[in-house]
Amino acid sequence: MSQRQHIPQTQLALYSRGDVGFWRRKLVERHLDRCEECAAAALEFVRLQESLSRSADVMPAALDGSGWQSLASEMSANIRLGLSAGECVSFVERPSRVALVTPPRLSLALAGLTVLAVLLAMENPVLHHAAVPAQAGLSNTLPTLEASGDETMVSSGDRGLSVPAPAGSNVIRTVSAHGAVRSRYVDDTGVTIVNVYAE
Amino acid sequence: MSDLIDSPLISQDAQSRFVTENLRRIFLQIYRIVGNVADAQDLTQEAFIKALSRQDQLKDEKKAAHWLSRIATNTALDFLRRNSRVSFCEMEFAPERHSESPEEILLRSEHQDYLQKGLDTLSPRERAALVLRDVEDLPAEEVARQLSCSKATVRSHIANGRIKFRKYATRNSR
């Protein structure tokens, strides 16, 4: 790489933090020794990365002082509430991981199932609809969010969890299209915000 | 974190510890990607709830921090994809920091704002790659894993992100 032929910006951007391979790095270093323009550009990339890196643990100005503490408390409470609501409405057991299924075994199993399905279809070409009522039953297990009076309730089937607001408090509710109800009210302790999500 | 993996019924203490140890880091990571306190709050909560509800997917407890970070990145990127927008930080809390003078607070706040606006000029994936590589200091291989793409693609996102950020800095040099 001659001095006249500058190093592409992408190479310099990657070089400045060691994101290039060994030989590429050597080539770039050789060029930078002789080219002030590219050396200045590389230094500028390093300076900007250091600036970003220093900002890693700095909170936004809006959360200085006690701002972060109160936000962290609110988030922790909402996470606990979200997990409790999830446990309450979760019926379906997750299947355990099948560690022994390797790609060849999986292909073999799929091929076997395909052959079996073809054989069954040849014997019974008429489709059966016995599964339909079971599908309808599934709707009972879907979580439902309800907000009425002073309480917000998440339920599924015959199980439910309700989060009541103090009686008589003026509750403002917001419903989101993503399946969440946000209740906001003022009581003796201050402003309380409750987010209930259905997933 | 070992409690989280061994027991199917996680104790509330273990959950609280996990949240407390990682809350600040995850919030800041998401904030750098979405650039907005209110959205970062909602997405941080969502990321923790997802992670703690799916703890059976975690294979190696030593990788819990990276695993959580990956869920957080995906949650933030999904949000940006859904909303296709980036907004700036609202000043809804009054700043109060007693160890700094008002001038220092203003300078720091301006610097934060300056960096965040620079990040906002990038595409969501470039921003996520740059945040994970240059702010969180993760190796490029881990960034590629978190963004579910190849190392070559992630190197391209990182390079483009750095070039755009440099252009922004040159335009707004102070």
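Since the structure is predicted, the reported quantities are computational estimates derived from the model, not experimental observations.

J.: Got a minute to help me understand the overall build of chain B in this structure?
T.: Helix and strand content of chain B: eight helices and zero strands. Beginning at the N terminus, the succession of helices and strands in chain B can be written as α-α-α-α-α-α-α-α. Burial status across chain B gives 50% buried among its 174 residues. Contacts in chain B between residues far apart in sequence, at least 24 positions, make up 69% of those at least 6 positions apart. When the accessible surface of chain B is split by element, carbon and sulfur atoms take 50% of a total near 8,400 Å².

J.: Explain the packing of helix α6 (residues 124–135) of chain B against helix α8 (residues 151–171) of chain B to me, please; I cannot follow it from the model alone.
T.: Two quantities define a packed helix pair, namely the angle between the axes and the distance from one axis to the other. All names here are of chain B. Relative orientation of the contacting elements α6 and α8 amounts to 90°, with a least axis distance of 8 Å. In terms of orientation, α6 and α8 fall into the roughly perpendicular class. Listed contacts from α8 to R125, E126, A129, L130, R133 and D134 of α6 are V154, H157, I158, N160, G161, R162, K164 and F165. Its residues assigned to classes, the contact of α6 with α8 shows five nonpolar, three polar and six charged.

J.: What's the story with the environment of G161 of chain B in this structure? I'm lost.
T.: All names here are of chain B. Here G161 shows up in helix α8. With a relative accessible area of 0%, G161 lands in the buried category. Through-space distance from the C-alpha of G161 to that of R127 is 6.6 Å; in sequence the pair is 34 residues apart.

J.: Is there a simple way to think about the pattern of salt bridges in this case?
T.: Opposite charge on two side chains makes pairing possible when the charged atoms of those side chains draw close. On inspection of all chains with the given rule, the structure shows 14 salt bridges over all chains. A salt bridge links D137 of chain B to R17 of chain A; its shortest N-O distance comes to 2.3 Å. With D137 of chain B in the loop between α6 and α7 (140–146) and R17 of chain A in the loop between α1 (9–15) and α2 (22–34), the pair connects residues from two separate chains. What makes D137 of chain B partly exposed here is its relative accessible area of 47%. Judged by its relative accessible area of 21%, R17 of chain A falls in the partly exposed class. Residue K26 of chain A pairs with E29 of chain A through a salt bridge whose shortest N-O separation is 3.7 Å.

J.: Hey, could you run me through the pairing of strand β2 (residues 151–156) of chain A in this one?
T.: Within a regular strand, side chains alternate between the sheet's two faces. All names here are of chain A. Inspection of the sheet shows strand β1 (residues 144–148) paired to β2 by five bridges, in the antiparallel sense. Counted as the bridge partner of T144 is S155 from β2. Sheet topology places β2 next to strand β3 (residues 159–164); six bridges connect them, and they run antiparallel. What sits directly across from E151, in β3, is P164. From the end of β2 to the start of β3, which pair antiparallel, there are two residues, and G157 there has a positive phi angle of about 60°.

J.: Can you help me understand the nonpolar core in this one?
T.: Among the nonpolar cores identified, the biggest contains 72 residues, and L12 and W68 of chain A together with F27 and I30 of chain B are the most heavily contacted of them. Not counting the four nearest positions on each side in its chain, W68 of chain A is found in contact with M59, L63 and M75 of chain A together with L23, R24 and F27 of chain B. Core analysis: the next-biggest nonpolar cluster, separate from the first, contains five residues, V154, V163, V194 and V196 of chain A among them.

J.: For this particular structure, what's the right way to read the sheet that holds β3 of chain A?
T.: Strands pair in a sheet through their backbones, by hydrogen bonds, and they do so in one of two ways: parallel or antiparallel. All names here are of chain A. What the three strands build is an open sheet, ordered β1-β2-β3; its pairing is antiparallel. Lying at the two open borders of the sheet, with one neighbouring strand each, are β1 and β3. With direction set aside, neighbouring strand axes in the sheet form an average angle of 20°.

J.: Looking at this structure, I do not really get a nonpolar patch on the surface. What am I missing?
T.: On the surface, a nonpolar cluster with roughly 480 Å² of combined accessible area is contributed by L106, L110, L113, L116 and L120 of chain A. With respect to the element layout, L113 of chain A can be found in helix α5 (residues 103–123).

J.: Looking at this model, I keep getting lost on the interface of chain A and chain B. Mind explaining?
T.: Many authors give the size of an interface as the accessible area that is lost as the parts come together. Tallying the contact residues gives 46 residues for chain A and 52 residues for chain B. Each partner contributes to the roughly 4,700 Å² buried at the junction of chain A and chain B, and carbon and sulfur atoms together form 59% of this total. Between R162 of chain B and D19 of chain A there is a salt bridge, and its shortest N-O distance comes to 3.1 Å. At the surface where chain A touches chain B, the tally comes to 12 residue pairs in polar contact (both at pLDDT 80 or more).

What counts, and at which threshold
- Residues numbered from 1 in each chain as written.
- Chains lettered and ligands numbered in written order.
- Predicted model: local features only at pLDDT ≥ 70, side-chain atom pairs only at ≥ 80, totals over all residues.
- Heavy atoms only, no water.
- Helix = DSSP H or I, 4+ residues; strand = E, 2+ residues; numbered from the N terminus.
- Buried < 20%, exposed > 50% of the residue type's maximum accessible area, 1.4 Å probe, protein only.
- Contact = heavy atoms within 4.5 Å.
- Areas by Shrake-Rupley, 256 points an atom, 1.4 Å probe, with all protein chains shown as cover.
- Axes fitted to C-alpha atoms, helices over the stretch in contact; angles between N-to-C directions.
- Parallel < 35°, antiparallel > 145°, perpendicular 65-115°, else oblique.
- Nonpolar A, V, L, I, M, F, W, Y, C, P; charged D, E, K, R; others polar.
- Salt bridge = Lys/Arg side-chain N within 4 Å of Asp/Glu carboxyl O.
- Pairing = 2+ DSSP bridges.
- Core = buried A, V, L, I, M, F, W, Y, C linked by side-chain atoms within 4.5 Å.
- Patch = residues over 30% accessible without salt bridge, like charges linked within 9 Å, V, L, I, M, F, W, Y side chains within 5 Å.
- Buried area = accessible area lost by both parts, 1.4 Å probe.
- Polar contact = N/O pair within 3.5 Å; in protein donor to acceptor, adjacent residues only side chain to side chain.

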